Amino acid sequence: MKKKSIYIGILIAMTMLAGCGKQDEQNSNIFESVSNETAATETTSAAEITPEAETEPEADTAKEVEEAPSEAATSGMKDGDRFDDVIILEGMEETVHYEHVINESIGLEMDYDYESFVRYSEPESECFISIYDDAQKPENYLEIVHSNETAESVADTIAEDLSKEYDITRTDMELDHDGNCVKISASEDKNTHGTADMIYVVYIIPREDGCLIAKESMYFEASEGFGRRFNYMVNTIR
């Protein structure tokens, strides 16, 4: 009963992620996410939010405040900062132009390829849609949300639902900056046992207050292109 309630909560909230558009009816309920009550806006950066006035901590809590890590301390960059990096794509080096992302509401810091994807940001999610896709009904995108449920519970729910249509693989892996996570890949059609037209890869990343869910969606033909770029982007999550 607990698993069912978790899944229903995930199902209801994902339909509200307007920034990532409306999914195909066949797959619209596969990755329903967690609470989200704010409409998405394109490239709304955390840096645009006016910070509250700073106050001096009381004497007995000053040490605790000083030791608390800030968002900027994790990478030294601010939301919107840009830089170049090199990735391996189809066996060749490619220079990629990245933009830094900080979403304090979901505890996310990462980088994305701003020449290949458009960022749609809201307090409870980040979505990166291919520049070639219709933003109202995208098919090649990376979406990241937060769940209050444990990583293991969310992974079980997603794996169970995906396995209704796909032969899935579930593995434990380690991200460069964020440690261990669960990776669920769904690329093989359960009925034909051949490669499906649409491929999904989901990373469930543990957090102290639940987990992050990073969902990759892409056409099979785009798996070597968008798929590789998505993987590099997920690996920058902090």
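Undergrad: I would appreciate a short explanation of the overall build of the chain in the present structure.
TA: Assigned secondary structure in the chain consists of five helices and eleven strands. Classification of the 238 residues of the chain by burial places 44% in the buried group. Put simply, 51% of the contacts in the chain that link residues at least 6 apart link residues at least 24 apart. Surface summary for the chain: the accessible area is close to 13000 Å², and the carbon and sulfur share equals 48%.

Undergrad: How should I be thinking about the sheet that holds strand β4 (residues 108-113) in this particular structure?
TA: Neighbouring strands of a sheet are bound in pairs by backbone hydrogen bonds; such pairs are parallel or else antiparallel. Spatial ordering of the open sheet is given by β2-β3-β4, a layout of three strands whose pairing is antiparallel. The two strands at the open ends of the sheet, each matched to only one other strand, are β2 (82-89) and β4. For this sheet the average axis-to-axis angle between neighbouring strands, irrespective of direction, equals 40 degrees. Here eight bridges tie β2 to strand β3 (residues 92-103), and the two strands are oriented antiparallel to one another. The residue of β3 that forms the bridge with Ile87 is Glu94.

Undergrad: What's the story with the packing of aromatic side chains in this structure? I'm lost.
TA: The description of two aromatic rings rests on the distance between their centres and on the angle between their planes. A full pass over the atoms with the stated rule returns six aromatic pairs. Of the aromatic side chains, those joined through ring pairs into one cluster are Phe117, Phe226 and Phe230. Above the ring of Tyr114, the side-chain terminus of Arg82 is found at 3.7 Å from the ring centroid.

Undergrad: What exactly am I supposed to notice about the pattern of salt bridges here?
TA: Opposite charge on two side chains lets them pair, provided their charged atoms get close. In the structure shown here, the tally under the stated rule is twelve salt bridges. With its nearest N and O atoms 2.9 Å apart, the salt bridge here joins Glu152 to Arg170. With a gap of 18 residues between them, Glu152 in helix α4 (residues 151-162) and Arg170 in strand β8 (residues 166-175) connect regions that are remote in the sequence. Owing to a relative accessible area of 46%, Glu152 belongs among the partly exposed residues under this scheme. Arg170 gets classed as partly exposed once you look at its relative accessible area, which sits at 34%. Here Arg170 ties to Asp156 by a salt bridge, and the two come within 2.8 Å at their closest N and O atoms. In this pair, Arg170 sits in strand β8 while Asp156 sits in helix α4, placing the two residues 14 residues apart along the sequence. Taken together, the salt bridges that share partners define one network made up of Asp79, Arg119 and Glu126.

Undergrad: Whenever I open this one, the side chain of Glu216 confuses me. Can you help?
TA: Inspection of the secondary structure puts Glu216 in strand β11 (residues 210-219). The side chain of Glu216 sits in the buried core without any salt bridge; Lys183 is the nearest counter-charge, 6.9 Å away. If sequence neighbours within four positions are ignored, Glu216 has contacts with Tyr141, Leu142, Ile199, Tyr200, Val201, Tyr203, Gly227, Phe230, Asn231 and Val234.

Undergrad: What exactly am I supposed to notice about the nonpolar core here?
TA: Where a protein is soluble and globular, its nonpolar side chains tend to be buried together. Judged by nonpolar contacts, the single largest core of 27 residues is most densely connected at Met110, Phe128, Leu142, Ile144, Met233 and Ile237. Of all the secondary structure elements, the ones that give two or more residues to this core are β3, β4, β7 (141-147), β10 (195-207), β11 and α5 (226-234). Ala159, Tyr166, Ile184 and Met198 belong to the second largest nonpolar core, which has 18 residues in total.

Undergrad: When you look at the environment of Gly210 in this model, what are you seeing that I'm missing?
TA: Within the secondary structure, Gly210 sits in strand β11. If we ignore the near neighbours within four places in the chain, the residues touching Gly210 are His146, Ser147, Asn148, Glu149 and Ala151.

Undergrad: Is there a simple way to think about the side chain of Asp178 in this case?
TA: Within the secondary structure layout, Asp178 lies in the loop between β8 and β9 (179-189). When its relative accessible area of 19% is taken as the criterion, Asp178 is described as buried. Separated by 2.6 Å, the side chains of Asp178 and Arg207 make a polar contact. Residue contacts for Asp178: discarding those within four places in its chain leaves Ile205, Arg207, Ile237 and Arg238.

The rules behind these values
- Here the residue numbering is sequential within each chain, running from 1 through the sequence in written order.
- Local features in a predicted model are, by the rule used here, given only for residues with pLDDT of at least 70; side-chain atom pairs are given and counted only at 80 or more, and totals for whole chains, interfaces and linings are based on all residues.
- With hydrogens and water excluded, all non-hydrogen atoms of the structure serve as input to the side-chain values.
- Here a strand is any run of E in DSSP of at least two residues, a helix any run of H or I of at least four, and the numbering for each starts at the N terminus.
- Throughout, exposure labels follow a simple rule: accessible area from a 1.4 Å probe, protein chains only, divided by the maximum for the residue type, with under 20% read as buried, over 50% as exposed, and the rest as partly exposed.
- Contacts were defined at the residue level, with two residues in contact if any of their heavy atoms lie within 4.5 Å.
- Per-residue and other accessible areas follow the Shrake-Rupley method at a 1.4 Å probe size, with only the shown protein chains counted as cover for residues.
- Any two strands with at least two DSSP-identified bridges between them are counted as paired.
- Here the axes come from fitting lines to C-alpha atoms, over the contacting stretch only for helices, and the angles between their N-to-C directions go from 0 to 180 degrees.
- For Phe, Tyr and Trp, rings pair up if their centres lie within 6.5 Å, where Trp contributes its six-membered ring, and each pair is then called stacked (planes under 30 degrees apart), edge-to-face (over 60) or tilted (otherwise).
- Here, over-ring charges are defined by two tests on the NZ atom of lysine or the CZ atom of arginine: distance to the ring centre within 6 Å, and angle to the ring normal within 35 degrees.
- In the sections that follow, a salt bridge refers to a side-chain nitrogen of Lys or Arg positioned within 4 Å of a carboxyl oxygen of Asp or Glu.
- The sign given to each residue is positive for Lys and Arg and negative for Asp and Glu; His and the chain ends receive no count.
- Remark: nonpolar core denotes a set of buried residues (Ala, Val, Leu, Ile, Met, Phe, Trp, Tyr, Cys) joined through side-chain atoms within 4.5 Å.
- Here a polar contact is recorded for every N or O atom pair within 3.5 Å, except that within protein the pair must consist of a potential hydrogen donor and a potential acceptor, and residues adjacent in sequence are included only if both atoms are side-chain atoms.

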